[in-house]
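# Coordinate analysis (summary)
Residues per chain, in single letters:
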Amino acid sequence: MEDDLPTVSVRLWRADAIVLFDWLMTTDLDSVPVTHPAQKQALADLLSRLEWAADADVTGATAKDIAVAQSEVARDMDW
């Protein structure tokens, strides 16, 4: 990421970060439907940023950690 570009800080719930990181690591971004190539690049940038900045308990989550996080995130879904 270029140092002179504007940035945004986003705080994520740990469970959301685990779910997003796992999904991004296991998804073929070429198969994700996009309407503009920048959307796919933004997802790749998000993955890179999570790899670089997230705590080891996010990037090193076990299958059990991921299952627990998925359950926590999905718990109050109304849709």
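Now for a description of the structure that goes with this document. On a predicted model such as this, the values are computed, not experimentally measured, just so you know.

Before going further, it helps to examine the overall build of the chain. If you tally the helices and strands in the chain, you get 4 helices and 0 strands. Taking the principal axes of its C-alpha atoms as reference, the chain extends roughly 35 × 30 × 25 Å. Within the chain, buried positions represent 16% of all 79 residues. In the chain, once contacts between residues fewer than 6 apart in sequence are set aside, the share between residues at least 24 apart is 64%. With the model as given, the accessible surface of the chain reaches about 6,400 Å², and the carbon-plus-sulfur share is 54%.

Right, let's talk about the packing of helix 1 (residues 14-26) against helix 4 (residues 63-74) for a bit. Closest axis-to-axis distance for the helix 1/helix 4 pair is 8 Å, and the angle between their directions is 120°. Helix-helix and strand crossings are classified by hand; for helix 1 and helix 4 the assignment is left-handed. For the pair helix 1 and helix 4, the contacting residues are Ala15, Asp16, Ile18, Val19 and Asp22 in the first and Asp65, Ile66, Ala69, Gln70, Glu72 and Val73 in the second. Tallied by class, residues from the contact of helix 1 with helix 4 come to 6 nonpolar, 1 polar and 4 charged.

Rules of the game
- Residues numbered from 1 in each chain as written.
- Predicted model: local features only at pLDDT ≥ 70, side-chain atom pairs only at ≥ 80, totals over all residues.
- Heavy atoms only, no water.
- Helix = DSSP H or I, 4+ residues; strand = E, 2+ residues; numbered from the N terminus.
- Buried < 20%, exposed > 50% of the residue type's maximum accessible area, 1.4 Å probe, protein only.
- Contact = heavy atoms within 4.5 Å.
- Areas by Shrake-Rupley, 256 points an atom, 1.4 Å probe, with all protein chains shown as cover.
- Axes fitted to C-alpha atoms, helices over the stretch in contact; angles between N-to-C directions.
- Left-handed = near helix turned anticlockwise from the far one by under 90°.
- Nonpolar A, V, L, I, M, F, W, Y, C, P; charged D, E, K, R; others polar.

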